[in-house]
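Okay, here's what each chain looks like letter by letter:
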Amino acid sequence: MIYLYYKFSDLDNEHQFGIHNGNNISDVYVVWVWFYLGKYLANNKVNILKSGFCLYPYSLFEGKVIKSYKCNGSAKTVAKLICNAIKKKLKFYGYE
């Protein structure tokens, strides 16, 4: 399983997302998820360099799991689902 965490940091004034892989996930699989995630975020015009948004490669302290993904399919599909969840959350808060 890959878990997507979210929290809003009042201290940093930013939306923070964390992606944490479960124990039984291949490191190579996770690298491909990150590769495709970057591609999908760029294609969907989610600016990861914009202030107010941060993406971390680990679970967040006091963050809430907003989605979990089974990794029995392609890394490309999982990355697309993660991108859609991030985009939806940011849109909900008026970030985009």
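Only a predicted model underlies this, so the values are computations on that prediction, with no experimental measurement involved.

Digging into the packing of aromatic side chains
Okay, step 1: Taken as a whole, this structure holds 6 aromatic pairs when the rule is applied.
Okay, step 2: Members of the aromatic cluster, joined through ring pairs, are Tyr 6, Phe 17 and Phe 53.

Some remarks on the sheet that holds strand β3 (residues 53-56)
Okay, step 1: Judged by pairing direction, the sheet is mixed, and its 4 strands sit side by side in the order β3-β2-β1-β4 without closing on themselves. Where the open sheet ends on each side, the last strands, each with one partner, are β3 and β4 (64-69). Taken over all neighbouring pairs, the strand axes of this sheet differ in orientation by 20° on average, direction set aside.
Okay, step 2: Of the pairings in the sheet, the one linking strand β1 (residues 2-9) to strand β2 (residues 14-21) comprises 8 bridges and is antiparallel in character. Paired with Tyr 5 across the bridge in β2 is Gly 18.

Thoughts on the nonpolar core
Okay, step 1: Membership of the largest hydrophobic core comes to 25 residues, with the highest contact counts inside it found for Leu 4, Phe 17, Val 33, Leu 37, Leu 55, Ile 82 and Ile 86.
Okay, step 2: Those elements giving two or more residues to this core turn out to be β1, β2, α1 (27-43), β3 and α2 (75-92).
Okay, step 3: Once residues lying within four places of it in the same chain are set aside, the contact partners of Ile 82 are Ile 2, Leu 4, Ile 19, Val 33, Leu 37 and Tyr 69.

Remarks on the confidence of the model for the chain
Okay, step 1: Looking at the chain, the pLDDT average stands at 84 and 93% of residues meet or exceed 70.
Okay, step 2: When the elements of the chain are averaged for pLDDT, β3 gives the smallest value, 83, and β1 the largest, 90.

Rules used throughout
The written sequence of each chain sets the order in which its residues are numbered from 1. Per-residue local features of the predicted model are confined to residues with pLDDT of at least 70, and side-chain atom pairs are confined, for both listing and counting, to 80 or more; whole-chain, interface and lining totals are unaffected and use all residues. With hydrogens and water stripped out, all remaining heavy atoms of the structure feed into the side-chain values. Any Phe, Tyr or Trp ring, taking Trp's six-membered ring, that has another such ring centre within 6.5 Å forms a pair; planes under 30 degrees apart are called stacked, those over 60 apart edge-to-face, and the others tilted. When DSSP locates at least two bridges between a pair of strands, those strands are taken to pair. For the purposes of this entry, the term helix denotes a DSSP run of H or I that reaches at least four residues, the term strand denotes a run of E that reaches at least two, and both are numbered from the N terminus. The axes used here are C-alpha line fits, helices contributing only the stretch in contact, and every angle between their N-to-C directions lies in the interval 0 to 180 degrees. Grouping buried Ala, Val, Leu, Ile, Met, Phe, Trp, Tyr and Cys residues that are joined through side-chain atoms within 4.5 Å yields what is termed a nonpolar core. Each residue gets one of three labels from its accessible area relative to the maximum for its type: buried under 20%, exposed over 50%, partly exposed in between, using a 1.4 Å probe on protein chains only. Contact criterion: two residues are considered in contact whenever any of their non-hydrogen atoms come within 4.5 Å of each other. pLDDT measures the predictor's confidence residue by residue and takes values from 0 up to 100.

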